Amino acid sequence: ENDLSNVDIDICNGNHCQQLGNKASARGFYIADINKDAAAPYALFSNNEVIINTSEPKLCYGFYIANNSKAELINNSILMLNDSISNGIHLYNGNVYLKANNNNILVPNRLGTPIIIDGEKVTYEGDYNNYWSLTNCGTYKRGKYQDSIFDNKSDWMQATSSDEHSVSINVPLLDSNK
């Protein structure tokens, strides 16, 4: 887990984060209270690869973004292979601002969701993403669409006013170690 809390960062680029085995909870990136000053730019997370494959039935996250954070995700690949509750991107609590573009988020299990918005004061802007899972495109836990699960991209797009050009496709991935 990459714990990025209470810091100001410019760029986090080109990392390979892999969580394997029997862990109580797995997170590729834990982001909280970053670039929270109003004048601070968004922290850029780009070209990162996150793979979560644990056997423990706990909550797992590719990117967990919480509490007074401003982040921009561009060109990241997130693969959630575990059979537990998996969220590719989880936006939690108040004053979270996320811009997400050109990301591949694949959740090939029935308990997960590619993106979840779980906070009253969460601002999300996204486009050209691939949100794929066996069951849904995204979930709203609180706010305007409280406890809503969006089964398709058009419903997600209408609810978020984002992701006009995003897709939901199961794409084959290549092993980056070969």
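Residues numbered from 1 in each chain as written. Predicted model: local features only at pLDDT ≥ 70, side-chain atom pairs only at ≥ 80, totals over all residues. Heavy atoms only, no water.

### Observations concerning the overall build of the protein chain
Summing up its helical and strand segments, the protein chain has 1 helix and 17 strands in all. Per-residue burial over the protein chain gives 47% buried out of 178 residues. Of the contacts formed within the protein chain by residues at least 6 apart in sequence, a portion of 76% connects residues at least 24 apart. (Helix = DSSP H or I, 4+ residues; strand = E, 2+ residues; numbered from the N terminus. Buried < 20%, exposed > 50% of the residue type's maximum accessible area, 1.4 Å probe, protein only. Contact = heavy atoms within 4.5 Å.)

### Let's talk about the side chain of N109
Within the secondary structure layout, N109 lies in the loop between β12 (104–107) and β13 (113–118). Within the structure, the side chain of N109 is placed 2.8 Å from the backbone nitrogen of L111, a separation counted as a polar contact. Not counting residues up to four positions away in its chain, the partners in contact with N109 are M80, N82, D83, S84, S86 and L134. (Polar contact = N/O pair within 3.5 Å; in protein donor to acceptor, adjacent residues only side chain to side chain.)

### Description of the sheet that holds strand β11 (residues 96–101)
The 5 strands lie next to each other as β2-β5-β8-β11-β14, forming an open sheet whose pairing is parallel. Each edge of the open sheet carries a strand with a single partner, namely β2 (11–13) and β14 (122–127). Ignoring strand direction, the axes of neighbouring strands in this sheet form an average angle of 10 degrees. Of the strand pairs in this sheet, strand β5 (residues 43–46) and strand β8 (residues 69–74) are connected by 4 bridges, and their pairing is parallel. When the sheet's bridge partners are listed, A43 is paired in β8 with A71. (Pairing = 2+ DSSP bridges. Axes fitted to C-alpha atoms, helices over the stretch in contact; angles between N-to-C directions.)

### A closer look at the nonpolar core
Membership of the largest hydrophobic core comes to 35 residues, with the highest contact counts inside it found for F45 and F63. Filtering out sequence-adjacent residues up to four positions away, F45 remains in contact with L4, I9, C12, F29, I31, I34, F63, A71, E72, L73, I74 and N76. Counting residues in each nonpolar core, the second largest holds 5 residues, with Y30, Y61, Y64 and A66 among its members. (Core = buried A, V, L, I, M, F, W, Y, C linked by side-chain atoms within 4.5 Å.)

### With respect to the packing of aromatic side chains
In total, this model carries 9 aromatic pairs according to the counting rule given. Their ring planes at 70 degrees and their centres at 5.7 Å tell us that F29 and F45 sit as a pair that is edge-to-face. Pair noted here: F29 is in strand β4 (residues 26–32) and F45 is in strand β5, with a separation of 16 residues, a long-range link. For F45, a relative accessible area of 0% translates into the label buried. Look at Y30 and Y64: their rings are 5.4 Å apart centre to centre, the planes differ by 10 degrees, and that puts the pair in the stacked class. Placement of the pair is Y30 in strand β4 and Y64 in strand β7 (residues 60–66), with a sequence separation of 34 residues. (Phe/Tyr/Trp six-rings, centres within 6.5 Å; stacked < 30°, edge-to-face > 60°.)

By themselves, these are just geometric observations and shouldn't be taken as functional.
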